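Topology and contacts: notes
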Amino acid sequence: MTLFEKIVARQVPANIVAEGQDWLAFHDISPQAPVHVLIVPKKPIPRIGEASPEDGHVLAALMLAVQEVVKKLDVFQSGFRVVINNGGDGGETVPHLHVHVLGGRPLEWPPG
Ligand code: AMP
């Protein structure tokens, strides 16, 4: 099982923000901004580059979950960033698809 599958299964503790039928949102353990949440599919899709057309409804659910998270954590109005890292150069470290939601401070562009 991946680390995030274990969090979904409540085998590893996490600070959970919200949950849907197909996803779980929890605070990143090493936050890079005042708000830094990960939204993960309950189904263990390894990374966005390996999602299949059958995963379309799960991908949509992850994107729509962003609204719920940013409203709950009060960065809907101030702004936020949504990031998915894929592979080595992308900075992926956990092989279970996850959407980073960052906010609560001005974020620089381009990212490093
Ligand atoms: P990435 O580098 O895109 O694969 O992102 C993985 C993220 O998972 C990093 O931001 C880590 O800080 C975060 N992370 C690793 N372990 C945990 C954990 N046990 N609970 C919450 N977040 C974690």
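The coordinates are above.
I will try to describe carefully the structure that is included in this document. Note that the structure is predicted; figures quoted are calculated from it, not measured. (Residues numbered from 1 in each chain as written. Predicted model: local features only at pLDDT ≥ 70, side-chain atom pairs only at ≥ 80, totals over all residues. Heavy atoms only, no water.)

Whenever strands of a sheet pair, they do so through backbone hydrogen bonds, lying parallel or antiparallel. With respect to topology, five strands assemble into an open sheet ordered β1-β2-β3-β5-β4, the strand pairing being antiparallel. Every other strand in the sheet has two partners, leaving β1 (16-19) and β4 (80-83) as the edge strands with one partner each. Each neighbouring strand pair of the sheet contributes to a mean axis angle of 20 degrees, computed without reference to strand direction. Against the sheet, helix α2 (residues 56-72) makes contact with β1, β2 (23-27), β3 (35-41), β4 and β5 (99-103), and its axis sits at roughly 155 degrees relative to β3, the strand it touches most. (Pairing = 2+ DSSP bridges. Helix = DSSP H or I, 4+ residues; strand = E, 2+ residues; numbered from the N terminus. Axes fitted to C-alpha atoms, helices over the stretch in contact; angles between N-to-C directions. Contact = heavy atoms within 4.5 Å.)

Structurally, the position occupied by H98 is in the loop between α3 (87-90) and β5. Here the side chain of H98 touches H96 through a polar contact of 2.6 Å, landing on its backbone oxygen. For H98, the contacting residues outside a window of four places in its chain are F4, L38, I39, V40, V83 and I84. (Polar contact = N/O pair within 3.5 Å; in protein donor to acceptor, adjacent residues only side chain to side chain.)

A cluster of nonpolar residues, I48, M63, F76, F80, V82 and I84, forms a patch on the protein surface that exposes about 470 Å² of accessible area. Checked against the element boundaries, F76 lands in the loop between α2 and β4. A residue is classified by how much of its surface remains accessible, and F76, at 41% relative accessible area, is partly exposed. (Patch = residues over 30% accessible without salt bridge, like charges linked within 9 Å, V, L, I, M, F, W, Y side chains within 5 Å. Areas by Shrake-Rupley, 256 points an atom, 1.4 Å probe, with all protein chains shown as cover. Salt bridge = Lys/Arg side-chain N within 4 Å of Asp/Glu carboxyl O. Buried < 20%, exposed > 50% of the residue type's maximum accessible area, 1.4 Å probe, protein only.)

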